Amino acid sequence: METLKRTRIADLLKSGNTEWIGKEFCVKGWVRTKRGNKNVAFIALNDGSIIHNIQIVAEVQQFEEELLRLVTTGSCISITGVLVESPGQGQPVELQAKRIEILGPADAETYPLQKKGHSLEFLREIAHLRPRTNTFGAVLRIRHAMAFAIHKYFNDNGFYYIHSPIITGSDAEGAGAMFRVTTLDAKNPPLTEEGKIDYSQDFFGKETNLTVSGQLEAELAALALAQVYTFGPTFRAENSNTPRHLAEFWMIEPEMAFFDIIDDMDLAEDFLKSLIRYALENCADDLDFLNKMYDNELIERLKTIVDSTFVRLTYTEAVKILESSGQDFEFPVGWGTDLQSEHERYLVEKYFTKPVILTDYPKEIKAFYMKQNDDGKTVRAMDVLFPRIGEIIGGSQREENYEKLLNRIHELDIPEKDVWWYLETRKFGSAVHSGFGLGFERLILFVTGMSNIRDVIPFPRTPQNAEF
Ligand code: ATP
Ligand code: MN
């Protein structure tokens, strides 16, 4: 038999092409189930191209007994057969097997995904196999679609993709604890005369870390290319074991010259809505599955966001609302304290029942680079708060005034030698500019309706966990 090229199951199921009926195709994939009787075997085959399986029908007497015995849940097989309209329910077409080849058997006794309905906690322990489940297939395809939609959105809107470094020599980003990058001997590092580690002998001749944000570098690029974005991994060595924090996560950071904070908010709102619209239009099968299995308000919620107008108010107004809410919060609220996700979610889910953009936060709880307001107390920050998530975006207008920025750097005791290059952009051709950071996994959490951030990244990095 001549060998046919492999066809993706998605293409067979989605073809809607009646000319394909009666023709021969080759599919390859992983067996989800095999059932049947002594005359006929029904094999549900999935190749990850789509959530649906194709049904393979095999006349038992046409195949060696041993061959069919090796077609077990989890095994990888190749099938050549004729595409026919399916008399059964649940699928428009099926494949009548002519040739079966076992590509990789899977021992039925020990394959961990023998049955359906494993808990998400259990699946985290077998992160090497969980992409074979419907749930993770759906999540990973949606994750891909969102990454693509992000690049498309920016490309369509005149932004340039900037690759900011992953290893950084600056620890002034101030977004959290960092992971050190070093080639020094951990047991016996070289020491200075004062007994401190001598980083001048380290690989880069100075102390280096994994980046917590690409923003500062994106700003440099924005003050040359006007509209740029980064999309890369970021790292935070905080011991926060929550369903919304990872030690390694991906962040999207647009940065725009000539944008003030209003333009920044307009962009953030339009960006989020178009990403969600893209998911609704392009990930319908996977969303239907997740809506059915995990969260039957998911699709409705996504549609509501696309059609809503985000509420905009100041931090000060939000604190007033929270103080008079009569809610029994775990963390106290008061002007000057950082909002916790319970506060953010109260505003979004209970008070406004819409996404909320909070602005003008106290300068003490925000980073040094944010544009200072004339009141001397607040900065032009903006956080976008989402239902179920809390903060999904954090952004601001940046301080473009050299003197003001320098004063703030002094006030916070940031060594000037660490940020001289950043300061220079305010010396040479400075401009009003703004930007924000969107946590990619928080977006995926929202779009998939999953509840734990560990379930929306293939290999989550969290405290005490880097097995896979
Ligand atoms: P949070 O207060 O929720 O810890 P943050 O204010 O420290 O977040 P930013 O420094 O503003 O976070 O980062 C920008 C965005 O990156 C956040 O709005 C969020 O979407 C995402 N993000 C921040 N930290 C994490 C993390 N540890 N894991 C996953 N996403 C994160
Ligand atoms: Mn933030």
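Residues numbered from 1 in each chain as written. Chains lettered and ligands numbered in written order. Predicted model: local features only at pLDDT ≥ 70, side-chain atom pairs only at ≥ 80, totals over all residues. Heavy atoms only, no water.

Colleague: Any details on the overall build of the protein chain? Residues and values, ideally.
Modeller: Counting its secondary structure elements, the protein chain contains 13 helices and 16 strands. Here the C-alpha coordinates of the protein chain stretch approximately 85 × 55 × 45 Å along the principal axes. In the protein chain, which comprises 468 residues, the share counted as buried stands at 51%. Contacts in the protein chain between residues at least 24 apart in sequence constitute 66% of all its contacts with a sequence separation of at least 6. A total of about 22900 Å² of accessible surface is found on the protein chain, and carbon and sulfur atoms cover 50% of it. (Helix = DSSP H or I, 4+ residues; strand = E, 2+ residues; numbered from the N terminus. Buried < 20%, exposed > 50% of the residue type's maximum accessible area, 1.4 Å probe, protein only. Contact = heavy atoms within 4.5 Å. Areas by Shrake-Rupley, 256 points an atom, 1.4 Å probe, with all protein chains shown as cover.)

Colleague: With reference to specific residues and values, describe the domain arrangement of the protein chain.
Modeller: Accessible area lost when the parts come together is the quantity often used to give the size of an interface. The domain architecture assigned to the protein chain consists of domain 1 (9-104) and domain 2 (130-177 + 212-455). The interface is formed by nine residues belonging to domain 1 together with eight residues belonging to domain 2. The contact between domain 1 and domain 2 buries some 680 Å² in all, and 39% of this surface belongs to carbon and sulfur atoms. Its largest share of buried area at the contact with domain 2, domain 1 owes to Trp-30, Arg-32 and Ile-51, together 66% of the area lost on that side. Across the domain 1-domain 2 interface, the total number found is one salt bridge. Of the charged contacts in the structure, one is a salt bridge between Asp-285 and Lys-14, with a shortest N-O distance of 3.0 Å. For the interface between domain 1 and domain 2, the tally reads five residue pairs in polar contact (both at pLDDT 80 or more). (Domains from an automatic or database assignment. Buried area = accessible area lost by both parts, 1.4 Å probe. Salt bridge = Lys/Arg side-chain N within 4 Å of Asp/Glu carboxyl O. Polar contact = N/O pair within 3.5 Å; in protein donor to acceptor, adjacent residues only side chain to side chain.)

Colleague: Got a sec to walk through unusual backbone geometry? Specific residues and values, please.
Modeller: A positive phi angle is found at Phe-258, which is not glycine, with a value near 70°. Mapped onto the fold, Phe-258 is located in the loop between strand 11 (248-257) and helix 6 (261-282). A positive phi angle, close to 45°, is found at Thr-353, a residue other than glycine. Topologically, Thr-353 is positioned in the loop between helix 10 (341-352) and strand 13 (356-362).

Colleague: Please set out the environment of Phe-271 residue by residue, giving values where relevant.
Modeller: Relative to the assigned elements, Phe-271 resides in helix 6. It is 9.8 Å that separates the C-alpha atoms of Phe-271 and Ala-149, two residues lying 122 residues apart in sequence. Each residue touching Phe-271, except ones within four places of it in the same chain, is listed here: Ile-150, Tyr-153, Phe-154, Ile-252, Phe-436 and Leu-438.

Colleague: So what about the packing of aromatic side chains? Which residues, and what values?
Modeller: Tallied over the entire structure, the rule returns 22 aromatic pairs. Ring plane angle 80° and centroid distance 5.8 Å describe the contact between Phe-310 and Phe-386, whose orientation is recorded as edge-to-face. Taken together, the residues span a long stretch of sequence, with Phe-310 in the loop between helix 8 (298-307) and strand 12 (311-314) and Phe-386 in strand 14 (residues 378-386) at a distance of 76 residues. Among the residues examined, Phe-386 registers a relative accessible area of 0% and is labelled buried. (Phe/Tyr/Trp six-rings, centres within 6.5 Å; stacked < 30°, edge-to-face > 60°.)

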